[in-house]
Amino acid sequence: MGNKKILIVDDDLDLTVAIKAILENKNYKVITAINKEEGWEKIKIEKPDLLILDVMMDTSHEGFEMAREIRKESEYKDIPILMLTSISEVTGVNFSAAAADPDWLPADEYLDKPVEPDELLEQVQNLLSGEE
Amino acid sequence: MILLRKDIRLVKRTQWLIRHRWMAICAVIIATYITKHVLDINVQEIAIYCVGGFLVVENLFALFWLKYLLRCCPENIYRNVKYNINFQISTDLIALTAILHFSGGIENPFFLVYIFHMVIASILLSEFETYLQTTLALVLFGLLVYFEYSGTLAHYCIGKNQSIDHDLSKDAIYISRFYGIFVFTCYILVYLSGSIGKRLRSQEDSLSKALNKLKHHDEIKNEYVLRVTHDIKGHLAAIQTNLSVVTKKIMGPVDEKQEEFINRAYKRTLKLTNFVKNLLALTQMRLSDKFEKEVFSLNKLLNNIVESVKVNAENKSIKLISNVDPAIDKMLGNELSIEEVISNIILNAIKYTLENGEIDVVASDKKKHVLIEVVDNGIGIHEDELSQVFDEFFRGSNVKQITEDSTGIGLSLVKQIITRHNGEIWVESKIGEGSKFSITLPKNIETGNK
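Treat the numbers as computed from the prediction; the structure is a model and nothing was measured. (Residues numbered from 1 in each chain as written. Chains lettered and ligands numbered in written order. Predicted model: local features only at pLDDT ≥ 70, side-chain atom pairs only at ≥ 80, totals over all residues. Heavy atoms only, no water.)

Just to check I follow, could you spell out the overall build of chain B for this structure?
Helix and strand counts for chain B come out as 10 helices and seven strands. Relative to its full complement of 450 residues, chain B shows a buried share of 43%. (Helix = DSSP H or I, 4+ residues; strand = E, 2+ residues; numbered from the N terminus. Buried < 20%, exposed > 50% of the residue type's maximum accessible area, 1.4 Å probe, protein only.)

Mind showing me how you'd approach the overall build of chain A here?
Per the secondary structure count, chain A includes six helices and five strands. Secondary structure elements in chain A, listed N-terminal to C-terminal, are β-α-β-α-β-α-β-α-α-β-α. Considering only contacts in chain A between residues 6 or more positions apart, those separated by 24 or more positions represent 69%. Here chain A displays about 6200 Å² of accessible surface, and carbon together with sulfur accounts for 46% of that area. (Contact = heavy atoms within 4.5 Å. Areas by Shrake-Rupley, 256 points an atom, 1.4 Å probe, with all protein chains shown as cover.)

Help me understand the pattern of salt bridges in this model?
Here the idea is simple: oppositely charged side chains can pair when their charged atoms come close. Taken as a whole and judged by the stated rule, the model has 24 salt bridges over all chains. With its nearest N and O atoms 3.9 Å apart, the salt bridge here joins Asp112 of chain A to Lys233 of chain B. Of the two residues, Asp112 of chain A is situated in strand β5 (residues 109-112) and Lys233 of chain B in helix α6 (residues 172-247); the pairing between them involves two chains. Its relative accessible area of 27% is what places Asp112 of chain A among the partly exposed residues. A relative accessible area of 1% means that Lys233 of chain B is categorised as buried. Note that Asp118 of chain A is salt-bridged to Lys248 of chain B, the shortest N-O span being 3.4 Å. Linking Asp118 of chain A in helix α6 (residues 117-131) with Lys248 of chain B in the loop between α6 and α7 (256-287), this pair reaches from one chain into another. Classification of Lys248 of chain B by relative accessible area gives partly exposed; the value is 37%. Residues joined by salt bridges that share partners form a network here, namely Asp10, Asp54 and Lys113 of chain A. (Salt bridge = Lys/Arg side-chain N within 4 Å of Asp/Glu carboxyl O.)

Could you clarify how one ought to interpret helix α1 (residues 13-25) of chain A in this entry?
Residues spaced three or four apart along an α-helix face the same direction, because each turn holds 3.6 residues. Residue and element names in this part refer to chain A. Compared with the 18 Å implied by 1.5 Å per residue over 13 residues, the 18 Å span of α1 between its first and last C-alpha is a close match. Buried residues of α1: Leu15, Thr16, Ala18, Ile19, Ala21, Ile22 and Leu23, and no others. Measuring from the side-chain oxygen of the N-cap residue of α1 to the backbone nitrogen of Asp14 gives 3.2 Å; that N-cap residue is Asp12. Of the residues flanking the end of α1, it is Asn27, one or two places downstream, whose phi is positive at about 70°. (Expected span 1.5 Å × (residues − 1). Polar contact = N/O pair within 3.5 Å; in protein donor to acceptor, adjacent residues only side chain to side chain.)

Is there a simple way to think about the nonpolar core in this case?
Residue and element names in this part refer to chain B. Residues Leu298, Ile342, Ile346 and Ile439 are the most contacted members of the largest nonpolar core, which totals 45 residues. Aside from chain neighbours lying at most four places away, what touches Ile346 is Ile305, Val306, Val309, Leu320, Val361 and Val374. In this structure, Cys73, Ile89, Leu96 and Ile106 belong to the second largest nonpolar core, which totals 36 residues. (Core = buried A, V, L, I, M, F, W, Y, C linked by side-chain atoms within 4.5 Å.)

Would you mind showing me how to read the packing of helix α8 (residues 298-315) of chain B against helix α9 (residues 335-351) of chain B here?
Between two packed helices, both the angle of their axes relative to each other and the distance between the axes serve to describe the pair. Residues and elements named next belong to chain B. Direction vectors running N to C along α8 and α9 enclose 35°, while the axes themselves pass 10 Å from each other. The interaxial crossing formed by α8 with α9 has right-handed handedness. For the pair α8 and α9, the contacting residues are Leu298, Leu301, Leu302, Ile305, Val306, Val309, Asn312 and Ala313 in the first and Glu335, Ile338, Glu339, Ile342, Ser343, Ile346, Leu347 and Ile350 in the second. For the contact of α8 with α9, a count of residues per class yields 12 nonpolar, two polar and two charged. (Axes fitted to C-alpha atoms, helices over the stretch in contact; angles between N-to-C directions. Left-handed = near helix turned anticlockwise from the far one by under 90°. Nonpolar A, V, L, I, M, F, W, Y, C, P; charged D, E, K, R; others polar.)

Where do I start with the interface of chain B and chain A in this structure?
A common way to express how large an interface is: the accessible area buried when the components associate. Tallying the contact residues gives 21 residues for chain B and 22 residues for chain A. Taking both partners together, chain B and chain A bury about 1800 Å²; carbon and sulfur atoms supply 60% of that area. In terms of surface lost to chain A, no three residues of chain B exceed His230, Thr241 and Ile250 of chain B, which account for 29% of the buried area on that side. Counting the contacts that link chain B with chain A gives three salt bridges. (Buried area = accessible area lost by both parts, 1.4 Å probe.)

Explain the sheet that holds strand β1 (residues 5-9) of chain A here, please?
For sheets, the rule is that strands pair by backbone hydrogen bonds, running either parallel or antiparallel. Residue and element names in this part refer to chain A. Taken together, five strands build an open sheet; the order of strands is β2-β1-β3-β4-β5 and the sheet is parallel. In the strand order of this sheet, the two ends are held by β2 (29-33) and β5, each with one partner. Geometrically, the sheet is characterised by an average inter-axis angle of 20° between neighbouring strands, direction not taken into account. Across four bridges, strand β4 (residues 81-85) lies against β5 in parallel orientation. (Pairing = 2+ DSSP bridges.)

Would you mind going over the confidence of the model for chain A with me for this structure?
In low-pLDDT regions, the fine details of the predicted coordinates are not to be read closely. Per-residue pLDDT for chain A averages 82, and the proportion of residues at 70 or more is 81%. Taken as a whole, residues 89-97 of chain A scores under 50 in pLDDT and shows 22 contacts with residues more than four places along the chain or in a different chain. (pLDDT = per-residue confidence, 0-100.)

Just to check I follow, could you spell out helix α5 (residues 127-150) of chain B for this structure?
Residue and element names in this part refer to chain B. The end-to-end C-alpha distance of α5, which contains 24 residues, comes to 34 Å, matching closely the 34 Å that a straight helix rising 1.5 Å per residue would cover. Buried within α5 we find Glu129, Thr130, Gln133, Thr134, Ala137, Leu138, Leu140, Phe141, Gly142, Leu144, Val145 and Glu148. On the buried face of α5, the contacting elements are α3 (77-102), α4 (113-124) and α6. Count one or two residues on from α5 and you reach Gly151, which has phi positive near 90°.

So what exactly am I meant to see when it comes to the sheet that holds strand β7 (residues 434-442) of chain B here?
Residue and element names in this part refer to chain B. Strand order in this open sheet of five strands is β2-β4-β5-β7-β6, and the pairing throughout is mixed. Every other strand in the sheet has two partners, leaving β2 (319-324) and β6 (424-430) as the edge strands with one partner each. Across the sheet, the axes of successive neighbouring strands diverge by a mean angle of 10°, strand direction being ignored. As defined by bridge partners, strand β4 (residues 358-366) adjoins strand β5 (residues 369-376) across eight bridges and the pair is classed as antiparallel. In the sheet register, Asp360 faces β5, and the bridge partner there is Val375. Across the face of the sheet, α8 comes into contact with β2, β4 and β5 while running at roughly 175° to β2.

Help me understand the packing of aromatic side chains in this model?
Describing an aromatic ring pair means giving the distance of the ring centres and the angle of the ring planes. Residue and element names in this part refer to chain B. On inspection of all chains with the given rule, the structure shows 18 aromatic pairs over all chains. With 6.2 Å between their ring centres and 90° between their planes, Phe390 and Phe437 make a pair best called edge-to-face. Taken together, the residues Phe390 in the loop between β5 and α10 (410-420) and Phe437 in strand β7 connect sequence positions 47 residues apart. One aromatic cluster is present, formed by Phe111, Tyr114, Phe141, Tyr174, Phe178, Tyr179 and Phe182 through successive ring pairs. Between the NZ or CZ atom of Lys415 and the centre of the ring of Phe390, over which it lies, the distance is 5.5 Å. (Phe/Tyr/Trp six-rings, centres within 6.5 Å; stacked < 30°, edge-to-face > 60°. Lys NZ or Arg CZ within 6 Å of the ring centre and 35° of its normal.)

Just checking my understanding: could you explain the pairing of strand β3 (residues 50-54) of chain A for this structure?
On a regular strand, each side chain points to the face opposite its neighbour's, so the side chains alternate between the two faces of the sheet. Residues and elements named next belong to chain A. With five of its five residues buried, β3 lies for the most part within the structure. Bridge count between β1 and β3: four bridges; the pairing is parallel. Bridge pairing links Leu7 to Leu51 in β3. Taken together, the four bridges between β3 and β4 define a ladder with parallel strand orientation. Note on β4: the bridge partner recorded for Asp54 is Leu84.

Hey, could you run me through the side chain of Asn398 of chain B in this one?
Residue and element names in this part refer to chain B. Tracing the sequence through the fold places Asn398 in the loop between β5 and α10. For Asn398, a relative accessible area of 8% puts it in the buried group. In this structure Asn398 touches Ile379, Gly380 and Ile431, once residues within four positions along its chain are discounted.

This is the structure we're talking about:
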């Protein structure tokens, strides 16, 4: 597994705590932020290997915004992004199909909430191994 | 500019009037021909054909006028179409008077046709306009009868023998009595049909208003449900993920007794999440007008679904037999939701079929559409509950003995999706013997296309 660093940006603290526990159990180093602003600070300081972003934070698409911004910064554009969604029913967006269009939705993978530990770990592992 | 409901109604009725005039013109010509050549009654054939020609010109004019109105000035459509109708009825009345003149005047019972125009006017026009048209008809008819009586106009007697001794058109007492009664009858008739028409129109308006109001309220309700379920889902997601940390023993072992309770809580959360997801999907579908469609292979999809639910059937030792017609190929629709529909129906069949049962999935090609049937020999549905199977939150009375899992939303979502695809779904069932769900889905694709 190695000591890969993962940044979770999500405003739901209860969920973040659980995800953090699941990941730390597999020896990942986990940092958290509660919004885009704090997320950017932590990216710059901690230089994480993977980002887990929640789509809906202060606004309904803050996660998308942040992912697009990251893709524009040459220094960070290669960090894999896993997007947590709970809004696929609300926005009517088919995320798995949209994943094929990186310009529109700039994340690498999408995971619908609630997060299942096995699924989460598998996705994280895939994204991190793909990065190397 | 969008036409209002009453505008559309008026335009449609005007088109109806124009369509029926074509038939009336044919009827006049045929009737004249038969009267003259078969019945051998003396009518002024050529003159009547000329009036028929005049009616053709009138009808074409009315038709193009209406088309012009629809294209150029939809803002005043209601008033302008009414002018058009008034024009049509007035010219009809003139033509009718001319036909009567050439076919015996007061002797010809054909004068009753005036009544048609009065009824049509009372349906299409305002009360005032209807009385105006009625008066026009009566004045025209009155003038015709008078001029024929006074000799200003020739009277074409329709009797076979031109020299009949009692010519009705010259009998002043007969004419005035006849005409007086006709006038009286017409006004009463117009009054009656007008008041019925008015009542019907106002009922129609209030019904359509009520319908719009209901639709609006339904939308508000759906938006409310959407918002609430979405909020609930957020909390549920946090609860479920936190519980999973314990059930997966990520933070270390849990003692057996505690594990049992946590597992119960976890399972219930899964069920609730599922319920909320379905409710969200259903509400979302009801609220959204657009529905993304793509061309996909229904054949492949059906086989994949059967393949993926096979495990569930095997776990209960249920024989799952599928027979997908190879002629079924592509269809236009939302693949994900069709998948949801079919797997929902098959999983239901598995759920409500006892061990060692049998389920048949048959898909047959019907050229323009596909018929999919899922037949099981499970517990069945009570006859008096069949009509409610697709209702939201409905659960069959015998379902509880089998499972606690049923949310009562799955089948309403299924129905909603099928309806969105312009398809149909129905169920036949006998308690204790099994159920058969049938779905028809239009392919919405030209055969040979792609």
